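Topology and contacts: notes
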Amino acid sequence: MYVPDYYEFCCGVKTVAGHGTLERIPALLSDMGAQKPLIITDKGVSGAGLVDTVIASMAEALPTCPVEDDVPPDSDLKVVNRLASVYRKHKCDAIIAVGGGSVLDTAKGVNILVSQGADDLMAFTGANALKQKLNPLIAVPTTAGTGSEVTVAAVIADHEAKKKMLFGSPFLLPDAAVIDPRMTLTLPPHITAATAMDAMAHAVEAYTCLSKNPLSDAHALEAIELIRTHIVNVVRNPDDREGRLALATAATLAGIAFSNSTVGMVHTLGHSVGAVCHVPHGTCMAILLPYGLEYNLHKIEEKTAELLFPMAGSEVYATTPPKERATTAIAAIRKLNQDLFDATDGRHFTCFSQVKDPQGRQSITGPDIETIAATALGDGTIFYNPEDLDFEDCMMVLSAAWDGAPLDRSKIKQG
Amino acid sequence: MEDFVEIKPKGKPLKRIYLNLMLWFVGRAIQASAKVDKKVKQEFEDLPKGYNFALGAFPNGPWMVVGKDDDGRVRYLGRNVKDKTIDLWMTLKSVEALFLLFTFQESTPVSNARSRLFVEGDLPHACAVVRIMDIVQVYLLPKFIAKLAIKRYPRWSLKQHIIGRILVNARTLIGY
Ligand SMILES: [Fe+2]
């Protein structure tokens, strides 16, 4: 185990996980001195009936509860400002964010405004601009992947000024994350697969990138093992409540790991594929994860070898010669992607050439790859990748990931 | 009004002298590399005009400021951060952390990963500045030290190594 001479680790989110935890929300709120929450969510979540489930679970203690479900996937400053006025109009004193990363980021932005009594979010951008605790915020994740319920950051776009505002503060951590498998029970199999692979990428990158530390490592290893054990089962049997809870727990574990040690090139390239071609984040993660490990292999062979244990189990680990453990771990990820491809009738993609948009058109075309590579060079996660990446390196990895062929390791530039 | 008395932080004078010298040298070397090295030139071309960045230690420096002026020229702008608008701050959390970085006991990415380096500003531009500084370090440092300071030592031609090095170092010293 690697112990850096200095590291920081923080996880201040009370996690309430298990069957029937939604019913605990009113009690959690009253512990925080709040009794009038505003529910913030998006149309997809409310359309799937999940908000009704939340409201029904709290009905005894909280008979009325205002709901705002108009958070678009590319939420921005305008939405935040509008929701802040709704919060004030209803005289709310807490927020329940039901949804994924976009909903939670929006909720965090609203919470800054209403807690600080401010009108201008701009004054709170950057690292550690917040100096005091905000009003109670409870996160109820509806996918098992992003881990945003335990991260200190929030990104809010300002579409008019064409920029993104980045907020980072321990006060942005939700006061509690409520993880109830009922929230992920209706996720379609291919989305379950992709989001779980996002969590897998968080754990694997947290364990292998430059900012790793023993505390985040422990979370990462546990997350990988839980995902490996349950993912295929849950994709085949969506009603598997125990498996759903295990995956949701893994996503939170992986979220804690990566928010304390950050991620590397899988996310560098994945963010850029998402930005340029609007491919879902989890899909990018599943496809790129083996390539990230392969590209960095000469710098992280030992750490990758250690991942074989949670990735394939003790027996495989023990019977694999130490020199082959790293490459076997990478092969195990490819095999997992293939198993998920089979279990979803080909809706979980294993390479970029397979990815189609809802109209059946190719999502990523040849010329896109250059734009993606150029965009990647400006993504902050590139700092934390063990090996350097220039434009040609990005092109090489993206082209291989398009074909689905393993990287030609002899072409990787080493210093 | 009485003259403002500047209170200078006490202690560590040798470290400060060394760091001031290094920052001066690196700042001028960035200016020189922007004329000599194609990649550095290209990176600066992609930065906006009037873009200034500062590297130094929290809270009282020392600092160095490098900027691209309105005509697109890259200039070392000295050690004063107070009279300029800085678009990108690369702040080491203490003089010790800056010392680790500039004695090449620690690379920029590792310093960043260990929470000793804080970057404030537009991220794509910050990435470009880090790439510029990596190249500059290759010009300034002998290979065995540069290998500690950057992630991947570039494979340059012998000509680029020798001529580039002479040009960058000469221009750094004469400040042209
Ligand atoms: Fe992710």
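What counts, and at which threshold
Residues numbered from 1 in each chain as written. Chains lettered and ligands numbered in written order. Predicted model: local features only at pLDDT ≥ 70, side-chain atom pairs only at ≥ 80, totals over all residues. Heavy atoms only, no water. Helix = DSSP H or I, 4+ residues; strand = E, 2+ residues; numbered from the N terminus. Rg over C-alpha atoms; globule rule 2.2 N^0.38 Å. Buried < 20%, exposed > 50% of the residue type's maximum accessible area, 1.4 Å probe, protein only. Pairing = 2+ DSSP bridges. Phe/Tyr/Trp six-rings, centres within 6.5 Å; stacked < 30°, edge-to-face > 60°. Lys NZ or Arg CZ within 6 Å of the ring centre and 35° of its normal. Domains from an automatic or database assignment. Contact = heavy atoms within 4.5 Å. Buried area = accessible area lost by both parts, 1.4 Å probe. Salt bridge = Lys/Arg side-chain N within 4 Å of Asp/Glu carboxyl O. Polar contact = N/O pair within 3.5 Å; in protein donor to acceptor, adjacent residues only side chain to side chain. Nonpolar A, V, L, I, M, F, W, Y, C, P; charged D, E, K, R; others polar.

**Focus on the overall build of chain A**
Per the secondary structure count, chain A includes 14 helices and nine strands. Against the compact-globule benchmark of 22 Å for 415 residues, chain A has a radius of gyration of 21 Å, which places it among compact chains. Projected onto the principal axes, the alpha-carbon positions of chain A cover approximately 65 × 50 × 45 Å. Going through the 415 residues of chain A one by one, you find that 55% of them count as buried.

**Some words on the pairing of strand S4 (residues 88-92) of chain B**
Residue and element names in this part refer to chain B. Within S4, four of the five residues are buried, leaving the element largely enclosed by the surrounding structure. Strand direction decides the pairing type here: S4 and strand S5 (residues 117-120), joined by four bridges, are antiparallel. Looking across to S5, one finds that Leu92 is bridged to Leu117.

**With respect to the packing of aromatic side chains**
For the structure shown, the criterion picks out six aromatic pairs over all chains. Between Phe309(A) and Tyr317(A) the ring centres are 5.4 Å apart and the planes differ by 70°, which places this aromatic pair in the edge-to-face class. Judged by relative accessible area, which is 38%, Phe309(A) ranks as partly exposed. Ring geometry for Phe44(B) and Phe53(B): centres 6.5 Å apart, planes at 25°, overall stacked. By the burial criterion, Phe44(B) is buried, and Phe53(B) matches it. The ring of Tyr317(A) carries the charged tip of Arg325(A) above its face, separated from the ring centre by 4.0 Å.

**Thoughts on the domain arrangement of chain A**
Residues and elements named next belong to chain A. When the domains of chain A are assigned, the result is domain 1 (14-183) and domain 2 (189-411). The gap between the C-alpha centroids of domain 1 and domain 2 is 28 Å. Contact residues are listed per partner, giving 14 residues for domain 1 and 17 residues for domain 2. Taken over both partners, the interface formed by domain 1 and domain 2 buries close to 1,200 Å², and the fraction arising from carbon and sulfur atoms is 67%. Taken together, the links from domain 1 to domain 2 amount to zero salt bridges. Taken together, the connections running from domain 1 to domain 2 amount to two residue pairs in polar contact (both at pLDDT 80 or more). Grouping the amino acids of the side of domain 1 that touches domain 2 by side-chain chemistry returns five nonpolar, seven polar and two charged.

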